[in-house]
Amino acid sequence: MTQQCKRTCKGLCQALEAAEKREREAMTAYVEAAASCDYPEVREVLQRLTRDRENGLALLRQTKEQLRSTFAVIDTINDSFA
């Protein structure tokens, strides 16, 4: 990643967004390569890599949702003091 993390995670975590984008790009490349591959063992490896990327995307989405929930709780607590 060339962009420096600004540590402004509330609402949008740049590191997670960049990682998610790269995972999607890699997954697309693996799917395209597997679709055009005639060699079964190579196609199987590419399909396995695609599944691994799907798992990575799921983990990134889960982490983003956890952050959203955490920030919502913090906002509720802060609002109660206002």
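The notes below deal with the structure included here. What you see is a predicted model; the values in this text were computed from it and never measured. (Residues numbered from 1 in each chain as written. Predicted model: local features only at pLDDT ≥ 70, side-chain atom pairs only at ≥ 80, totals over all residues. Heavy atoms only, no water.)

**A word on the side chain of threonine 50**
Defined as follows: Put simply, DSSP H or I for four residues or longer makes a helix, DSSP E for two residues or longer makes a strand, and each gets a number counted from the N terminus. Burial here depends on accessible area, computed with a 1.4 Å probe over protein chains only, as a share of the maximum for the residue type. Under 20% is buried, over 50% is exposed, and the range in between is partly exposed. Note on contacts: a residue pair is in contact if any heavy atoms of the two residues lie within 4.5 Å.
Here threonine 50 lies in helix 2 (residues 40-81). With a relative accessible area of 10%, threonine 50 lands in the buried category. Setting aside residues up to four positions removed in sequence, threonine 50 forms contacts with Met27, Tyr30 and Val31.

**Considerations on the packing of helix 1 (residues 14-36) against helix 2**
Here is the rule: Axis definition: a line fit to C-alpha positions, over the contact stretch in the case of helices; interaxial angles, taken between N-to-C directions, run 0 to 180 degrees. Oblique is the label for any angle not under 35 degrees, not over 145, and not in the 65 to 115 range, which are roughly parallel, roughly antiparallel and roughly perpendicular in turn. Two helices cross in a left-handed way if the nearer one is turned anticlockwise from the farther one by less than a right angle. They cross in a right-handed way if the turn is clockwise. Three classes are used: nonpolar for Ala, Val, Leu, Ile, Met, Phe, Trp, Tyr, Cys and Pro, charged for Asp, Glu, Lys and Arg, and polar for all others, with Gly counted as polar.
Contact geometry for helix 1 and helix 2: axes closest at 9 Å, N-to-C directions at 160°. When the axis of helix 1 is compared with that of helix 2, the two are roughly antiparallel. Seen along the crossing, helix 1 lies across helix 2 with a hand that is left-handed. Of the residues contributing to the contact of helix 1 with helix 2, the split by class is 13 nonpolar, 4 polar and 9 charged.

**Some words on the side chain of lysine 64**
Here is the rule: Here a polar contact means two N or O atoms within 3.5 Å. Within protein one must be a hydrogen donor candidate and the other an acceptor candidate, and residues neighboring in sequence count only if both atoms are side-chain atoms.
One can find lysine 64 in helix 2. A distance of 2.9 Å separates the side chain of lysine 64 from the side chain of glutamate 17, its partner in a polar contact.

**Focus on the pattern of salt bridges**
To keep it simple, the criterion reads: Salt bridges are counted wherever a side-chain nitrogen of Lys or Arg sits within 4 Å of a carboxyl oxygen of Asp or Glu.
Scanning all chains against the criterion turns up 7 salt bridges. Residues glutamate 25 and lysine 21 are paired through a salt bridge, measuring 3.9 Å at the closest nitrogen-oxygen approach. With a gap of 4 residues between them, glutamate 25 and lysine 21 both fall in helix 1, about one helical turn apart.

**Topic: a nonpolar patch on the surface**
To keep things clear, this is the line we draw: Patch membership needs two things, relative accessible area over 30% and no salt bridge, and members are linked within 9 Å if like-charged or within 5 Å if nonpolar (Val, Leu, Ile, Met, Phe, Trp, Tyr). Here, Shrake-Rupley sampling with a 1.4 Å probe gives the accessible areas, and only protein chains in the shown set may cover a residue.
Residues Val73, Ile77 and Phe81 make up a contiguous nonpolar surface patch of about 340 Å² in total accessible area. Looking at the secondary structure, you find phenylalanine 81 in helix 2.

**Observations concerning helix 2**
Applied cut-off: Multiply 1.5 Å by the residue count of a helix minus one, and that product is the helix's expected span.
The end-to-end C-alpha distance of helix 2, which contains 42 residues, comes to 62 Å, matching closely the 62 Å that a straight helix rising 1.5 Å per residue would cover. Buried residues of helix 2: Leu46, Thr50, Leu57, Leu60 and Lys64, and no others. Where helix 2 is buried, its residues meet helix 1.

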